[in-house]
Amino acid sequence: MTTFLQAAEAVAVSEETRMGLWTLFTKGGWLMWPLLALGGVTIFIFVERFMAIRKASVLDMNFMNRIRDYISDGKISTAVNLCKKTDTPIARMIEKGIERIGRPMSDVQTAIENVANLEVSKLENGLPFLATIAGGAPMIGFLGTVLGMVQTFMDMSAAGGTVDLGLLSSGMYVAMVTTVMGLIVGIPAYFGYNYLVARIEKLVFQMEANSIAFMDILNQPVQK
């Protein structure tokens, strides 16, 4: 019986907490809704970009060795098929270089760099918007703070000489809750953006290393 009462009491406390959070959210005013939407967009962009970058970063450590062997044996089509099967930014970059074999080395290098730039641009898709949220959400929260303070002073002016804390609470709620919400959205967006940028920079380094390795393969003397 005691356990049942404790469980019921815990459920009641939980429901009361949820209602308290919802009430707090509604007291923040209409600015809470765009901030909530920005929070959802932040989560979506981060998860989607994280999965895309992680997929792009996966590469068989023996990939370049196999490419070297195929090119040395003259199996160009086999090397191209390996790149298509691997389906990563590095593989697509090497594939374009293989297709340019026989042309001047400068043309091969340019083709590889063009593909690399396109792949990096694809990986960065959505990141500018994430950076905008990181900077904009706290500003929206600050706007709520200003609006809340204006509302508070208007209520004080309307009350005349009698100032009731209950009368001022509405404006203060708007001022404080929107600021907190703006920071709750903006801080994760900021750290998430920088984390994704760091992951992309690491992948770019891998792409450059593989590009150099491929050019070294093409510059190897033909074995007789």
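Residues numbered from 1 in each chain as written. Predicted model: local features only at pLDDT ≥ 70, side-chain atom pairs only at ≥ 80, totals over all residues. Heavy atoms only, no water.

Formally: UniProt positions are given in the numbering used here, feature names are shortened, and annotations may be inferred rather than shown by experiment.
An unreviewed UniProt entry lists the protein under the name MotA/TolQ/ExbB proton channel family protein, with Alistipes shahii given as the organism. Check the Sequence similarities (unreviewed entry) section of the UniProt entry for the protein; it says "Belongs to the exbB/tolQ family."

**Re the UniProt feature "transmembrane region" (unreviewed entry) in the protein**
In plain terms, the rule: Going along the chain from the N terminus, every DSSP run of H or I of four or more residues is numbered as a helix, and every run of E of two or more is numbered as a strand.
In the UniProt entry, the feature "transmembrane region" (unreviewed entry) is given for residues 30-47, 127-150 and 170-193. What you have in residues 30-47 is 89% helix and 0% strand, and the ends, taken at the C-alpha atoms, are 27 Å apart. Helix and strand shares over residues 127-150 are 100% and 0% respectively, and the end C-alpha atoms of the span are 35 Å apart.

**Brief notes about the side chain of T88**
The test is simple: Throughout this description, buried means an accessible area under 20% of the type-specific maximum (1.4 Å probe, protein chains only), exposed means over 50%, and partly exposed covers the range between. Whether two residues are in contact is decided by their heavy atoms: any pair within 4.5 Å suffices.
Relative to the helices and strands, T88 resides in the loop between α4 (76-86) and α5 (89-99). Take T88: its relative accessible area is 4%, and that puts it in the buried class. Once residues lying within four places of it in the same chain are set aside, the contact partners of T88 are K55, A56, V58 and L59.

**With respect to α5**
Judged by how many residues are buried, α5 sits mostly within the fold: 8 of 11 residues are covered. Those residues of α5 not exposed but buried are P89, I90, A91, M93, I94, E95, G97 and I98.

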